[in-house]
Amino acid sequence: MNSMAGHLGASLIAGYFVGQQRQNLDPAVCKGIEGDLARVIRGESVFGKKMSKKSKLSDAELFEPFPKEKPDETLIDGIAEGLEKGIDKPRQSGHNVIFASLAIRALKQHPELATPAIVDGILKLMALFANETPGSGYYGKKRGRIHGNKITLPDDDGASIYDDIDAMTVAVLDEVINLTPEIHRSGYGGMVHVINHAAAIVDLADNGYDELAQRAIQSHRRHLRLWRNLPNVADEEGPMQVSKFTPHAAAYWESGNIPYDRALLTHRVKTMFGFDELAAAVDDQAKEKAAYDKLRFLM
């Protein structure tokens, strides 16, 4: 369909991993996640057929079983090789890294699914990112939306300098902790994607692709800096909307006020997964708790 149609499968994979991360989730949370993912399969995501109206496939058809083929676990490395071609620059708010990392983790856990057709499809998805920009940001009424490859960042913007996973993780959690409703930035996928991009890099390293993960860190820092340097558009857009609860709590799903904006349907569960991946990578419970509370700002 398009490079962004990867959101659909990625959200289901993330939902599966949330079940692994938190095996004692309240049934209301599980039901809520399953409801989101059922909506994705039914075609309610903005990233599938709605974005590619000329596509001959429906969203539901993307989830039909592949023909049976003999799996080959050695094919999984090819996904990392496909990702490598665009790893040194942020592509569409890190989606190339997010999608590839989720696929690699899934196939490493379930090598019986590493068939030629499935891996080839993932490689075709990776190829769609070859010439993608970092995404775009909103720079106010006068300037409008501008793609990140046309933005010159200041030499010193106060952003954390990091070149390893531990420092990247701390930097991202600190940015989450510092979120306030009064500062409303719009673009580059917001902190949702800064989180998920970082989590994908953590998982690449965990799955044995340390060199690739190391290269991705500088690309992530560029992504974070693009977001940090967006202007505050609260005067135009209003303050950030803040949920009363975080989505790992039953009260979130039982509140009767679950937001379904154009992107949350596929991003809510991915961010639940991504945040927990980051939290597991840092040994600071106080920082983890403070950042987790601020997930309300993203949901």
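Residues numbered from 1 in each chain as written. Predicted model: local features only at pLDDT ≥ 70, side-chain atom pairs only at ≥ 80, totals over all residues. Heavy atoms only, no water.

Let's shift gears to a negative patch on the surface. A surface patch of negative charge is lined by D72, E73, D77 and E81. Summarising the element assignment, D77 is placed in helix 3 (residues 76-84). (Patch = residues over 30% accessible without salt bridge, like charges linked within 9 Å, V, L, I, M, F, W, Y side chains within 5 Å. Areas by Shrake-Rupley, 256 points an atom, 1.4 Å probe, with all protein chains shown as cover. Salt bridge = Lys/Arg side-chain N within 4 Å of Asp/Glu carboxyl O. Lys, Arg positive; Asp, Glu negative; His and termini not counted. Charge placed at Lys NZ, Arg CZ, Asp CG, Glu CD. Helix = DSSP H or I, 4+ residues; strand = E, 2+ residues; numbered from the N terminus.)

Right, let's talk about the packing of helix 6 (residues 165-177) against helix 12 (residues 285-293) for a bit. Here helix 6 crosses helix 12 at 45°, and the two axes come no closer than 8 Å. In terms of orientation, helix 6 lies oblique with respect to helix 12. Between helix 6 and helix 12 the crossing geometry is left-handed. Here V170, L173, D174, V176 and I177 of helix 6 come into contact with helix 12, specifically with K287, A290 and A291. Along the lines of polarity and charge, the residues of the contact of helix 6 with helix 12 split into six nonpolar, no polar and two charged. (Axes fitted to C-alpha atoms, helices over the stretch in contact; angles between N-to-C directions. Parallel < 35°, antiparallel > 145°, perpendicular 65-115°, else oblique. Left-handed = near helix turned anticlockwise from the far one by under 90°. Contact = heavy atoms within 4.5 Å. Nonpolar A, V, L, I, M, F, W, Y, C, P; charged D, E, K, R; others polar.)

Before going further, it helps to examine empty space enclosed by the protein. One pass over the full model with this rule turns up one cavity of 30 Å³ or more. Considered as a void within the structure, the largest cavity measures approximately 80 Å³ in volume. Around the largest cavity, the lining residues are A14, I98, S101, L102, N196, A199, A200, D203, K270, F273 and G274. Going through the elements one at a time, helix 4 (95-109), helix 7 (190-206) and helix 11 (264-280) are the ones with two or more residues in the lining of the largest cavity. Looking at the lining of the largest cavity element by element, the count peaks at four residues for helix 7. (1 Å grid on protein atoms, 1.4 Å probe; cavity = no way out; pocket = protein on both sides within 12 Å on 5 of 7 lines; lining within 4 Å. Points joined across faces, edges and corners; volume = space filled by probe spheres on them.)

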